[in-house]
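Residues per chain, in single letters:
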Amino acid sequence: MNKLRLIIATLLCAVASVGMSAKDLELADIQIRDPFIVPDAATGTYYMYKSASQKAADGTTVGGVVCYKSRDLKKWNGPYTVCTLPTDNWITGGIWAPEVHRYKGKYYLFATINTDIKWKGDIEGWPSYTYRGTQILRADTPDGPFLAMEKMPTTPIDEMALDGTLYVEDGVPYMVYCHEWVEVADGEMKVIQLSDDLSHSVGRATRLFNASSAVWAKPAKHSNGMPDSYVTDGCFLYTTKTGKLLMIWSNFGKEGYAVGIAESTTGKILGPWKQQEKLLFKDNGGHGMIFRGFDGKLYLVVHAPNNPGGQERAVIRELVDTGDTLVLK
């Protein structure tokens with residue numbers, strides 16, 4: 001039965017991908033939040049992944065992911081469907097911040113899934129406490145289809161978690177993720193070990209730092225006596241040419257949504273971590289990730305502006321690795 005379900009899911013994803021009207025586009029034509037770009041050396045193709053949820057026949061939201069393809073980071077073709085959540089998943093709500101990582105010859109989709117299922121009553125003037133977590137799905141190629149290995153979240157189910165990303169240290173895989181400010185007010189960055197096949201987590205999560213530890217982070221003020229809140233978004237790990245371990249992540253600064261840099265004082269994932277004072281990207285854009293282009297150059301991609309109304313676009317900027325930090329060129 002499981003094999004039959006796998007075959008049906010694969011066929012459905014293939015049909016959906018073929019059936020979509022793929023177009024030649026500029027980056028300015030593609031509305032996208034939380035862009036994630038994977039250079040596939042085997043085909044000389046850049047893959048950019050985007051959330052693409054759909055409405056089911058019963059009106060419920062079913063999470064999905066599409067990709068766009070490019071040879072030069074300028075002209076893009078798509079969208080192509082690469083994932084639709086299975087109907088018997090732990091939840092099937094909208095997907096945020098899809099990331100794809102190549103690991104041991106396979107491709108793994110880290111997808112933050114949302115639902116309107118509440119686990120705690122509402123508080124006036126505060127967002128609802130609903131189930132939210134990052135789940136890992138697997139495919140043989142960057143084109144998908146990405147299928148669930150286990151139909152439960154990889155982050156702890158009793159946490160509002162999001163934006164999981166992969167980091168491998170000494171051969172051991174870890175997920176770094178954000179513990180949502182909605183639950184803890186002062187958003188946390190956490191890490192949890194993964195099984196060797198990335199199908200599930202191992203042990204308990206460890207807090208790396210809180211958002212308020214960054215001097216540039218601007219708190220949101222709330223009424224009704226609720227505490228100030230600080231956001232943790234969009235974590236991504238990078239090791240500099242001198243071996244320094246950095247993490248880029250997003251919060252709000254003086255000029256809007258921004259990307260800051262934290263550094264591990266030990267060069268290890270458990271830190272301790274300290275925040276660099278200078279922002280990497282401050283112009284009302286964020287949720288960044290870093291990739292090496294086929295031209296050998298290092299790039300940052302973020303969405304900007306971080307405004308409502310579908311204005312967000314992928315912005316790609318060249319980076320310089322100084323050894324101690326990262327700066328925009």
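Residues numbered from 1 in each chain as written. Predicted model: local features only at pLDDT ≥ 70, side-chain atom pairs only at ≥ 80, totals over all residues. Heavy atoms only, no water.

Undergrad: Explanation requested: the overall build of the protein in the structure shown.
TA: Summing up its helical and strand segments, the protein has 2 helices and 23 strands in all. In terms of C-alpha radius of gyration, the protein reaches 19 Å, essentially the compact-globule figure of 20 Å for 329 residues. Within the protein, the proportion of its 329 residues that are buried is 52%. The contacts of the protein with a sequence gap of at least 6 include a subset with a gap of at least 24, amounting to 52%. Carbon and sulfur atoms provide 52% of the accessible area of the protein, an area that totals close to 14800 Å². One finds the centroid of the 35 positive side-chain charges in the protein at a distance of 3 Å from the centroid of its 37 negative side-chain charges. (Helix = DSSP H or I, 4+ residues; strand = E, 2+ residues; numbered from the N terminus. Rg over C-alpha atoms; globule rule 2.2 N^0.38 Å. Buried < 20%, exposed > 50% of the residue type's maximum accessible area, 1.4 Å probe, protein only. Contact = heavy atoms within 4.5 Å. Areas by Shrake-Rupley, 256 points an atom, 1.4 Å probe, with all protein chains shown as cover. Lys, Arg positive; Asp, Glu negative; His and termini not counted. Charge placed at Lys NZ, Arg CZ, Asp CG, Glu CD.)

Undergrad: Looking at this structure, I do not really get the side chain of Asn251. What am I missing?
TA: Tracing the backbone through its elements, the reader meets Asn251 in strand β17 (residues 245-253). On the basis of relative accessible area, Asn251 is assigned to the buried category, the value being 0%. One polar contact links the side chain of Asn251 to the main-chain carbonyl oxygen of Val231, over a distance of 2.8 Å. When near neighbours in sequence (up to four residues on either side) are disregarded, Asn251 contacts Ala211, Trp216, Ala217, Lys218, Tyr230, Val231, Gly256, Tyr257 and Ala258. (Polar contact = N/O pair within 3.5 Å; in protein donor to acceptor, adjacent residues only side chain to side chain.)

Undergrad: Would you take a moment to explain the sheet that holds β17 for this structure?
TA: In sheet architecture, strand pairing relies on hydrogen bonds along the backbone and comes in two forms, parallel and antiparallel. The 4 strands are arranged β16-β17-β18-β19 in an open sheet whose pairing can be described as antiparallel. Taken across any chain shown, the strands that pair with only one partner, and hence form the sheet edges, are β16 (233-239) and β19 (273-275). On average, each strand axis in the sheet is inclined to that of its neighbour by 30°, with strand direction left out of account. Across 8 bridges, β17 lies against strand β18 (residues 256-264) in antiparallel orientation. Residue Asn251 lies in a different strand from β18, and its bridge partner there is Ala258. (Pairing = 2+ DSSP bridges. Axes fitted to C-alpha atoms, helices over the stretch in contact; angles between N-to-C directions.)

Undergrad: Would you take a moment to explain the packing of aromatic side chains for this structure?
TA: By convention here, two paired aromatic rings are described through the distance between centres and the angle between planes. If you walk through the whole model with that rule in mind, you get 12 aromatic pairs. Judged by centre distance (5.4 Å) and plane angle (55°), the rings of Phe209 and Trp249 are tilted. With Phe209 in strand β15 (residues 201-210) and Trp249 in strand β17, this residue pair connects regions lying 40 residues apart in the sequence. Taken together, the aromatic side chains of Tyr46, Phe291, Phe294 and Tyr299 make up a single cluster linked through ring pairs. When the ring centre of Tyr80 is taken as reference, the NZ or CZ atom of Lys69 above it lies at 4.6 Å. Positioned over the ring face of Tyr129 is Lys120, at 4.6 Å from the centre of the ring. (Phe/Tyr/Trp six-rings, centres within 6.5 Å; stacked < 30°, edge-to-face > 60°. Lys NZ or Arg CZ within 6 Å of the ring centre and 35° of its normal.)

Undergrad: So what exactly am I meant to see when it comes to the state of the cysteines here?
TA: In protein chemistry, a disulfide is the covalent bond that joins the sulfur atoms of two cysteines. Here the structure, examined in full by the defined rule, presents 0 disulfides. The thiol sulfur of Cys235 is not disulfide-bonded, and the nearest other cysteine sulfur, from Cys178, lies at 4.0 Å. Judged by relative accessible area, Cys235 falls into the buried class, the value being 1%. (Disulfide = S-S within 2.5 Å.)

Undergrad: I tried to follow the pattern of salt bridges on my own but got confused; where do I start?
TA: Two side chains bearing opposite charge may form a pair once their charged atoms approach each other closely. One pass over the full model with this rule turns up 17 salt bridges. The shortest N-O distance in the salt bridge between Lys69 and Asp143 comes to 2.6 Å. Of the two residues, Lys69 is situated in strand β6 (residues 64-70) and Asp143 in the loop between β10 (130-139) and β11 (147-148); the sequence distance between them amounts to 74 residues. Looking at Lys69, the relative accessible area reads 23%, which means it is partly exposed. (Salt bridge = Lys/Arg side-chain N within 4 Å of Asp/Glu carboxyl O.)

Undergrad: Help me understand empty space enclosed by the protein in this model?
TA: For the coordinates displayed, the defined rule picks out 1 cavity of 30 Å³ or more. As a volume, the largest cavity reaches approximately 40 Å³. Those elements that place two or more of their residues in the lining of the largest cavity are β8 (95-103), β16 and β20 (286-292). Grouping the constituent residues of the lining of the largest cavity by class yields 6 nonpolar, 3 polar and 2 charged. (1 Å grid on protein atoms, 1.4 Å probe; cavity = no way out; pocket = protein on both sides within 12 Å on 5 of 7 lines; lining within 4 Å. Points joined across faces, edges and corners; volume = space filled by probe spheres on them. Nonpolar A, V, L, I, M, F, W, Y, C, P; charged D, E, K, R; others polar.)

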